[in-house]
Amino acid sequence: MKTLTSYFFIKSILLGAFFLQSIFSMGQGDTFPVKGKVVDADSKQPIIFMQVALFKEGEDLPLTYSDTKENGEFELNAPVGNYKLNFYLIGYDKKTITPLQLSASIDLGIIEVVSENQNLEEIVVQAAKFPFRADVEGITINPEANMSNLGGTLLDILRNTPSISVSDDGTIALRGSTGTNILINGRNSSLTQNLDQLPASAVEQIKIINNPNARFDADAEGGVIDIILKKGEDLGTNGSGELTYGTRGRMNTGVRFNHRTIKYNLYGGYNYRDWRDVGKRTSDRILFEEDERLLQETDRESQNIGHTFNYGGDYYFGKNIISYEGVFTTNVDSQVNTLYSQLSRNSTGESILDFVRRNNETEDDDGVDNAIIYERTFDNPDQSFRFLASSSYRNQYKVQNIDIFNNSTEANEENLTGQERGFTDETRNIYVFQADYTQPLSDKKKIETGLKSILREFDNDFVFQRFQEGDQDFVTDPKVSNRFIYKDQVYAGYFIYAASSDKIDYSFGLRGEYTNLNTELINTNEINKQNYLNLFPSAQVLYKLNEENSLKFTYSRRIDRPRPWRLNPFPDITDSLSVRRGNPNLQPEKIHSLEFGHMLNRAKSSFTTNAFFRHVDGQVDMITIIQDGISYMQPENLNTAVSYGLELIGLGEVRPWWNISGGLTMFRIIVDGSNVENGSINKGFAWNTKLTSDFKLPFGINFQIVANYDSPEIEAQGRDLAQYFVDANVMKNFFNNRGSLALSVRDIFDTRRFAGENRTASFSQDFYSKNETRIFLLSAKFNF
């Protein structure tokens, strides 16, 4: 598979190089800068994210445009000529400067804009650069505003995001739901399988959409997480470099650049990551009828070395934009897990069996994403057309070498009694074709429509071998080895009608999806086919009470299709007495989701309150089944699950030197798992909170505290226990804010761990997992 991966990578690079070379061949004449600083007319505070567009006289399409930076400043470059300069930002009156005669550099100085009423699209607080901002659909994360993300990965960003919880194995839960549709640049991608392999420094922003409308895939119970990678938007040649070094030799370094003119934009980035980790896991399981107690402890050491490249370009001609986006990742993950097990009689403590299993595992993981995008604008700025074609390829090759030491409590070579090994070769291919069109009906009304096809194919080939003394060789076990093939095609179409007025904005949509799914176990010739057509209505309403307050309502019907790993019945052979496996008979979840909220937006603060309700038919949860003294953990469809709760998200400037942002999510869960073995109706209350506090200290020093708490949360057969941690960060800027030096301390009090308990009529189990989480990181960054 390495040869095939190299072929895809070379093909990707050649495609990108051909596209970029064609762009480079187009030049332009001398240009002059137009710059200024945009501030709020009332508060005099700088405004970020305001779009500034430069138009030639008599033309409706901007010659060039950009967004204001954190300090409200902007700079555009254009040839000699007569222009008009427009300023746009939802929540502010449009401002125009005309005529603008450009024959030399122009500095417009301070430009004041006037606030207006809010609307459906977005609410932005302008006082400072906060870690996130809220809107009618959810929240948008700005990773660079949270210093705890320095040197981290996508999981670190999400771990510090309101309403999101991240478990020890990287599973993401949004408002208590682990079913989320994760996209990269708005596209379905195989690279989202391991979010801890994508560096935080490569991410521009993340959009969390709790209750998406018909434009988005209906898949995912919890909503959509869209990861937007950096590509560079500023005119001219820009770049940055950064280096992070920390405890246990952890390292993350990267460089990126972009070159943009009024005709084209080129960008590229590279990240190198070397991350080491150690940890320990314990488990205490009691089987009541068998009178057995199993105590287990696992020592873990791991290292991940990864390279990530993202590259692409945009070409602007007339009212058209053609873009190419590419991502290539290659990672080598190595780990050693040593499992110590003691099996005894629970009533007497009499020893039954002691053994040790040492798993030496390596995994090569390579992936390539390519996308071609065409966008067309029209004389009416509300009219648009967009077409996307993308492919995503990933290959994972894992080798497990397991040494077994029976009747022993130590992994000494003289105690070796057996050997096993496993080989997993998995490829994933995802192809997406999508077209979207927006047609205004009037100044206040529009329709949106589109088509989308998603074609997925996953091929997992697993070979399990045991060492046979008689043969003095490893022999394949056909009862465990198998090849699992997953194919699905989802064909979708949608329609949205939207209208707005001075007091109310609303949209109603309908999405239809036809799904064709096939799984096959090659060795046993077991075939599972599913075909179904579903309709998914959605609605969004925003009622503006006044300039500061608005009410919102959203509804969507959704589906959560089982992921391939949940359908794959191959066992994880790391622990012979506690086995994880998939379930090829899983059915999709059916979800109804409602949300009602209030949004308060002021000059220096914003506060959002959301009440939500979710009903799930066929809820999927991990269930433990005991067979012949072995625990099998696998996903099962439960009867139903109902959750409802309240979410509070706020941010604001307490003092000119002190900003606070964070969120609190409280919800009750009722899970009916009475249809599965040892299942019951379980219910409970859970909550989580995130709080970020930023301080501007003397001498240009910034200090930040980030606190996280996740309460206990119920599962079908038990509950997960609380977890909490606090991070601290300090940063100093240099060279007119072009360079910075930061020190981060993750998990100051060393409290972050993952623990839980299972309680049924036939067994009980307690588990505890703790990795090295108190980490010191020193980061340096320079922009040019």
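Up top you'll find the structure we're talking about.
Quick caveat: nothing in here was measured; it's all calculated off a predicted structure.

Peer 1: How would you sum up the overall build of the chain? Please name residues and give values.
Peer 2: When helices and strands are tallied, the chain shows 3 helices and 45 strands. Over its C-alpha trace the chain gives a radius of gyration of 28 Å, about what one expects of a compact globule, namely 28 Å for 784 residues. With the C-alpha coordinates of the chain rotated into their principal frame, the extents come out at 90 × 55 × 50 Å. Among the 784 residues that make up the chain, the fraction classed as buried is 54%.

Peer 1: How would you summarise a nonpolar patch on the surface if you had to cite specific residues and measurements?
Peer 2: Judged by side-chain polarity, Phe-734, Phe-735, Leu-741, Leu-743, Leu-778, Phe-782 and Phe-784 come together as a nonpolar surface patch covering roughly 660 Å² of accessible area. Among the elements of the structure, β42 (739–746) and β45 (775–783) are those that each provide at least two residues to the nonpolar patch. Examined against the element boundaries, Phe-784 turns out to sit in the segment after β45.

Peer 1: If you had to explain the nonpolar core to someone new, which residues and values would you point to?
Peer 2: If you look at the biggest cluster of nonpolar residues, it comprises 27 residues, and the most contacted ones within it are Leu-158, Ile-206, Ile-208, Ile-225 and Ile-227. For this core, the element with the highest residue contribution is helix α2 (residues 154–159), accounting for 4 residues. Beyond its immediate sequence surroundings of up to four residues, Ile-206 is in contact with Ile-139, Thr-140, Ile-141, Leu-154, Ile-157, Leu-158, Ile-225, Asp-226 and Ile-227. Membership of the second largest hydrophobic core comes to 19 residues, among which are Val-34, Val-38, Tyr-83 and Leu-100.

Peer 1: Pulling in residues and values, what's your account of the sheet that holds strand β34 (residues 630–637)?
Peer 2: On the basis of which strands lie adjacent, the open sheet formed by 3 strands has the order β30-β34-β33 and mixed pairing. Each edge of the open sheet carries a strand with a single partner, namely β30 (578–580) and β33 (620–627). Adjacent strand axes in the sheet meet at a mean angle of 30° when their direction is disregarded. Inspection of the sheet shows β30 paired to β34 by 3 bridges, in the parallel sense. Residue pairing across strands places Val-579 opposite Tyr-632, the latter belonging to β34.

Peer 1: Any chance you could break down the pairing of strand β25 (residues 473–476) for me, citing the residues and the numbers?
Peer 2: Relative to β25, strand β24 (residues 445–468) is paired through 4 bridges, and the arrangement is antiparallel. Of the residues in β25, the one forming a bridge with Phe-467 is Phe-474. Here β24 hands over to β25 after 4 residues, with Gln-472 in that stretch at a positive phi of 50°.

Peer 1: Kindly report on the environment of Ser-334, identifying the contributing residues and their values.
Peer 2: By secondary structure assignment, the location of Ser-334 is in strand β20 (residues 320–345). In this structure Ser-334 touches Glu-301, Ser-302, Gln-303, Glu-361 and Thr-362, once residues within four positions along its chain are discounted.

Peer 1: Report on the environment of Glu-520, specifying residues and quantitative values.
Peer 2: Position of Glu-520 among the secondary structure elements: in strand β27 (residues 504–521). Taking the C-alpha atoms as reference points, Glu-520 and Arg-483, 37 residues apart in sequence, are found 8.1 Å from one another. Once residues within four sequence positions are removed from consideration, Glu-520 is found in contact with Arg-483, Phe-484, Ile-485, Asn-525, Glu-526 and Ile-527.

Peer 1: Go over the side chain of Ser-344 with me, naming the residues and quoting the values.
Peer 2: Locating Ser-344 in the fold gives a position in strand β20. Here Ser-344 is in contact with Asp-291, Glu-292, Arg-293, Gly-349, Glu-350, Ser-351 and Ile-352, once residues within four sequence places are set aside.

Peer 1: How would you explain the pattern of salt bridges if you had to name every residue and give the values?
Peer 2: Counted by the stated rule, this structure contains 39 salt bridges. Residues Glu-112 and Lys-44 are paired through a salt bridge, measuring 2.7 Å at the closest nitrogen-oxygen approach. With Glu-112 in strand β7 (residues 106–113) and Lys-44 in the loop between β1 (32–40) and β2 (51–56), this pair connects stretches of sequence that are 68 residues apart. The exposure class of Glu-112 is partly exposed, given its relative accessible area of 37%. Residue class for Lys-44 comes out partly exposed when judged on its relative accessible area of 46%.

Peer 1: Lay out the side chain of Asn-86 in plain terms, naming residues and giving numbers.
Peer 2: In this fold, Asn-86 is placed in strand β5 (residues 81–88). In this structure, Asn-86 is in contact with Gln-51, Val-52, Ala-53, Phe-55, Lys-94, Lys-95 and Thr-96, ignoring residues within four places of it in sequence.

Peer 1: Give me unusual backbone geometry: which residues, what numbers.
Peer 2: Excluding glycine, a negative phi dihedral is what most residues carry, and trans is how most peptide bonds are arranged. A cis geometry characterises the amide bond from Thr-98 onward to Pro-99, with omega recorded as -5°. Position of Pro-99 among the secondary structure elements: in strand β6 (residues 95–102). Although it is not a glycine, Asn-185 sits at a positive phi angle of roughly 55°. Mapped onto the elements, Asn-185 comes out in the loop between β12 (180–184) and β13 (187–188). In this model, Arg-248 sits at a positive phi of 60°, which is unusual for a non-glycine residue. Within the fold, Arg-248 resides in the loop between β16 (236–246) and β17 (250–260).

Peer 1: Could you give an account of the sheet that holds strand β4 (residues 73–78), naming the residues involved and the relevant values?
Peer 2: Strand order in this open sheet of 3 strands is β4-β1-β7, and the pairing throughout is mixed. Each edge of the sheet is formed by a strand with only one pairing partner; in this case those strands are β4 and β7. The sheet shows a mean angle of 25° between the axes of neighbouring strands, taken without regard to direction. Bridge analysis of β1 against β4 gives 6 bridges, and the strand direction is antiparallel. The residue bridging Lys-35 from the neighbouring strand is Glu-75, located in β4.

Criteria and thresholds
- Residues numbered from 1 in each chain as written.
- Predicted model: local features only at pLDDT ≥ 70, side-chain atom pairs only at ≥ 80, totals over all residues.
- Heavy atoms only, no water.
- Helix = DSSP H or I, 4+ residues; strand = E, 2+ residues; numbered from the N terminus.
- Rg over C-alpha atoms; globule rule 2.2 N^0.38 Å.
- Buried < 20%, exposed > 50% of the residue type's maximum accessible area, 1.4 Å probe, protein only.
- Patch = residues over 30% accessible without salt bridge, like charges linked within 9 Å, V, L, I, M, F, W, Y side chains within 5 Å.
- Areas by Shrake-Rupley, 256 points an atom, 1.4 Å probe, with all protein chains shown as cover.
- Salt bridge = Lys/Arg side-chain N within 4 Å of Asp/Glu carboxyl O.
- Core = buried A, V, L, I, M, F, W, Y, C linked by side-chain atoms within 4.5 Å.
- Contact = heavy atoms within 4.5 Å.
- Pairing = 2+ DSSP bridges.
- Axes fitted to C-alpha atoms, helices over the stretch in contact; angles between N-to-C directions.

Function cannot be read off these values alone, since they describe shape.
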